[in-house]
Each structure stands twice: as structure tokens, then as C-alpha cells.
Amino acid sequence: MMQFGNCCNGLLGIVNDAVCFTVDLSNTAGVALELWNDATPFIINGTIVVENNGIIGASPTAALSVNGTPVGGFIVTAGQVKSITMNNINSIGLIGSGTGTASIRVSFSLNYKF
């Protein structure tokens, strides 16, 4: 059972959130489709999983962008799943490249102290 109010007693509270959703991704012309951004002063760490359920050879790739910068080597082609754990996450986005539309499942866990 969750306890509300006066539960921290001066110590840091720890939060772990999990998010999962599906987006239809097409060619974004190099601009990241923003999926989440941090509007808090907290340092957020987490694991991001991207699954490309597009048709092999006929769907775009999905490249991960974190904090407005593409993550080197993190390109998910149709039929692939990739994950990465990162520190200090301020935003998460996807960059679509190629023809057609792909169904992309994105999952991420966010961990922070307040």
C-alpha cells in the first residue's frame, strides 16, 4: 500500500516509472519525433527499448534520439529490437528514415530521486 504525506522524513525519495506505447513512424526528414521530455529539475536515468514491427525491406528504420542528439549506432530496422541504458535523460525521440510506415513499440523506464 502506498503511503502519502510525510513519507520521506528528510531522505531522498526514489521513483521508478515505466512507459510503453506504439507509434506509426514514417520518414521524419532527419527531425526527431519527440516522444517524451523532462520538465523537472531531477536527473533521470533509465532504459529505453525500441522494437520495429515494420515489414522487412519495406518499412523505415527508427533511430533513437536522446537529449536532441541521435544515439550513435542505435538504428532499429524492421524486425529488430534494441535497448540502451542511459544517464541524465532529458528527452526521447525517434528519427524515421526510409519509405512507408512502421509500427514502432517504445518502452522506457525512468528512475530518479527527489
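What you see is a predicted model; the values in this text were computed from it and never measured.

1. What to know about the nonpolar core
Within the largest apolar cluster, 23 residues are counted, with the highest numbers of intra-cluster contacts made by Ile48, Val50, Leu64, Ile92, Leu94 and Ile104. Looking at this core, the elements with two or more residues in it are β1 (14-25), β2 (33-37), β3 (45-52), β4 (61-66), β5 (69-76), β7 (91-97) and β8 (102-113). With near-sequence residues (within four places) excluded, leucine 64 lies in contact with Ile48, Val50, Thr69, Pro70, Val71, Phe74, Ile84, Ile92, Gly93 and Leu94.

2. Remarks on the side chain of serine 65
In this structure, serine 65 sits in strand β4. Ignoring any residue separated from it by four or fewer positions in sequence, one finds serine 65 in contact with Ala32, Pro70, Val71, Ser91, Ile92, Gly93 and Ile95.

3. Some remarks on the sheet that holds β3
Strand pairing in a sheet is mediated by backbone hydrogen bonds. Such pairs are either parallel or antiparallel. A sheet is described by the order of its strands in space; here four strands give the open sequence β1-β8-β3-β6, paired in antiparallel fashion. Bordering the open sheet on either side are β1 and β6 (81-86), each of which pairs with just one other strand. Strand-to-strand twist of the sheet, defined as the mean angle between neighbouring strand axes without regard to direction, takes the value 10°. Taken together, the six bridges between β3 and β6 define a ladder with antiparallel strand orientation. Each residue of the ladder has a partner; that of glutamate 51, found in β6, is valine 81.

Calculation rules
- Residues numbered from 1 in each chain as written.
- Predicted model: local features only at pLDDT ≥ 70, side-chain atom pairs only at ≥ 80, totals over all residues.
- Heavy atoms only, no water.
- Core = buried A, V, L, I, M, F, W, Y, C linked by side-chain atoms within 4.5 Å.
- Buried < 20%, exposed > 50% of the residue type's maximum accessible area, 1.4 Å probe, protein only.
- Helix = DSSP H or I, 4+ residues; strand = E, 2+ residues; numbered from the N terminus.
- Contact = heavy atoms within 4.5 Å.
- Pairing = 2+ DSSP bridges.
- Axes fitted to C-alpha atoms, helices over the stretch in contact; angles between N-to-C directions.

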